[in-house]
Amino acid sequence: QVQLVESGGGLVQAGDSLRLSCAFSGLTVSSAAMGWFRQAPGKEREFVAQIIGGATFTTYADSVKGRFTISRDNAKNTVYLHMNSLNPEDTAVYYCAGRLKLVSSWNYWGRGTQVTVSS
């Protein structure tokens, strides 16, 4: 059974940094991709970043490129999202997601963690 549990959200001010964590189980590091998505109030869920396999390949949404970094600790089965230079437009519920590398659909989701950035 696959489980994803996010943590690290909170209320910060514009310009601050925050690190989100996602502890996962039931997925093999070498065969899975892990990602972060977010959903702001009244908006659809959107892709933020992903990291594939042994952490050698990452992709980012244009809106976070250069500010956010995704990483993973394979020994701890944990994925991180390091967020710098946060602005109010980053306010959203952030979800951790997982999928098998050879499958395009994100089949596994956490419950989300709220990030609120005040101006």
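Residues numbered from 1 in each chain as written. Predicted model: local features only at pLDDT ≥ 70, side-chain atom pairs only at ≥ 80, totals over all residues. Heavy atoms only, no water.

A. Examining the sheet that holds strand S7 (residues 68–73) more closely. Strand order in the open sheet made by the four strands is S1-S3-S8-S7, with antiparallel pairing throughout. What marks the edges here is a single partner per strand, and that holds for strand S1 (3–7) and S7. Between one strand axis and the next, the sheet turns by 20 degrees as a mean value, whatever way the strands run. Strand direction decides the pairing type here: strand S3 (residues 18–25) and strand S8 (residues 78–83), joined by six bridges, are antiparallel. By the bridge assignment for S8, Ser21 is matched with Tyr80. (Pairing = 2+ DSSP bridges. Helix = DSSP H or I, 4+ residues; strand = E, 2+ residues; numbered from the N terminus. Axes fitted to C-alpha atoms, helices over the stretch in contact; angles between N-to-C directions.)

B. Seen up close, the pattern of salt bridges. Taken as a whole and assessed by the stated rule, the structure comprises four salt bridges. The shortest N-O distance in the salt bridge between Asp62 and Lys65 comes to 3.1 Å. In this pair, the class of Asp62 matches that of Lys65, namely exposed. With a closest N to O distance of 2.8 Å, Asp90 and Arg67 form a salt bridge. Taken together, the positions of Asp90 in the loop between S8 and strand S9 (92–100) and Arg67 in the loop between strand S6 (57–60) and S7 put the pair 23 residues apart, joining distant regions of the chain. This pair shows no difference in class: Asp90 is buried, exactly as Arg67 is. Each of Arg38, Glu46, Arg67 and Asp90 takes part in one network of salt bridges that share partners. (Salt bridge = Lys/Arg side-chain N within 4 Å of Asp/Glu carboxyl O. Buried < 20%, exposed > 50% of the residue type's maximum accessible area, 1.4 Å probe, protein only.)

C. Local environment of the side chain of Thr91. With respect to the element layout, Thr91 can be found in the loop between S8 and S9. A distance of 3.0 Å separates the side chain of Thr91 from the backbone oxygen of Pro88, its partner in a polar contact. Those residues in contact with Thr91, other than ones at most four positions away along the chain, are Ala40, Pro41, Gln114, Val115, Thr116 and Val117. (Polar contact = N/O pair within 3.5 Å; in protein donor to acceptor, adjacent residues only side chain to side chain. Contact = heavy atoms within 4.5 Å.)

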